[in-house]
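So the chains spell out like this:
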Amino acid sequence: MVAGRKEGDTLHLRLWLMSCRVLKRGMEDAMMDAVFADAAARGVKTVRGYYYPTAKNAMVRDFYAQMGFEQVEADEAGNTVWQRDVAGYEPRHPHMTVQR
């Protein structure tokens, strides 16, 4: 499940929730493809993702970096903000589709 909020021409991804059972099986790529396709269709120019460390999500600490996002903010607690332009995004898993 992905939840975000559009503010101006930026989409803020506030929640990215996946079972650890599907990680590294291509589903995160297909979901990101769907996010960027939808963002482009809605006139979004930039997508921002947020990582807040918890005891259970350390395995996805580098998720946004692996998806080609650039880190734009970080604090002492390990919270990070990541950003990627919509223009130029190439689908990572084009043979899989996500139903919306």
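In what follows, the structure referred to is the one given above.
So, on to the overall build of the protein. Looking only at helices and strands, the protein features 2 helices and 5 strands. Each helix and strand of the protein, placed in order from N terminus to C terminus, yields the pattern β-β-α-β-α-β-β. Expressed as a percentage of its 100 residues, the buried residues of the protein come to 37%. Within the protein, contacts between residues at least 6 apart in sequence are counted, and of these 64% link residues at least 24 apart. On the protein, roughly 6500 Å² of surface is accessible, and the fraction owed to carbon and sulfur atoms is 50%.

Mapped onto the fold, Leu11 is located in strand E2 (residues 10-16). Apart from residues no more than four positions distant in its own chain, Leu11 is found in contact with Gly4, Arg5, Lys6, Val35, Ala39, Val44, Thr46, Val47 and Arg48.

A few words now on a nonpolar patch on the surface. A cluster of nonpolar side chains, Met1, Leu15 and Leu17, forms an exposed patch at the surface whose accessible area comes to about 290 Å². Considering the arrangement of structural elements, one finds Met1 in the segment before strand E1 (2-7). Classification of Met1 by relative accessible area gives exposed; the value is 57%.

Using the criterion set out here, one finds 5 aromatic pairs in the structure. Where Phe36 meets Phe69, the ring centres are 6.0 Å apart and the plane angle is 75 degrees; that geometry is what we call edge-to-face. Taken together, the residues Phe36 in helix H1 (residues 27-41) and Phe69 in the loop between helix H2 (63-66) and strand E4 (70-74) connect sequence positions 33 residues apart. Each member of the pair, Phe36 as well as Phe69, is classed as buried. Between the NZ or CZ atom of Arg14 and the centre of the ring of Tyr50, over which it lies, the distance is 4.3 Å. One Lys or Arg, Arg84, reaches over the ring of Phe36 and ends 5.9 Å from the middle of that ring.

The rules behind the values
- Position labels on residues start from 1 in each chain and follow its written sequence.
- Totals for whole chains, interfaces and linings use every residue, but because this is a predicted model, local features are given only for residues with pLDDT of at least 70 and side-chain atom pairs only at 80 or more, for both listing and counting.
- The basis for the side-chain values is all heavy atoms of the structure; hydrogens and waters are excluded.
- To qualify as a helix, a DSSP run of H or I must reach at least 4 residues; to qualify as a strand, a run of E must reach at least 2; elements of each kind are numbered from the N terminus.
- For the exposure calls, accessible area comes from a 1.4 Å probe over protein chains only, and a residue counts as buried if that area is under 20% of its type's maximum, exposed if over 50%, partly exposed in between.
- The contact criterion used is simple: two residues touch if any of their non-hydrogen atoms lie within 4.5 Å.
- Note that accessible areas follow from Shrake-Rupley with a 1.4 Å probe, and for residues the cover is restricted to the protein chains shown.
- A patch consists of residues exposed above 30% relative accessible area that lack any salt bridge, with like charges linked at up to 9 Å and nonpolar side chains (Val, Leu, Ile, Met, Phe, Trp, Tyr) linked at up to 5 Å.
- Salt bridges are counted wherever a side-chain nitrogen of Lys or Arg sits within 4 Å of a carboxyl oxygen of Asp or Glu.
- Ring geometry is summarised as follows: Phe, Tyr and Trp rings, the Trp one being its six-membered ring, pair when their centres sit within 6.5 Å, and such pairs are stacked at plane angles under 30 degrees, edge-to-face over 60 and tilted between the two.
- Definition used: whenever NZ (Lys) or CZ (Arg) falls within 6 Å of the ring centre and also within 35 degrees of the ring normal, the charge is taken to sit over that ring.

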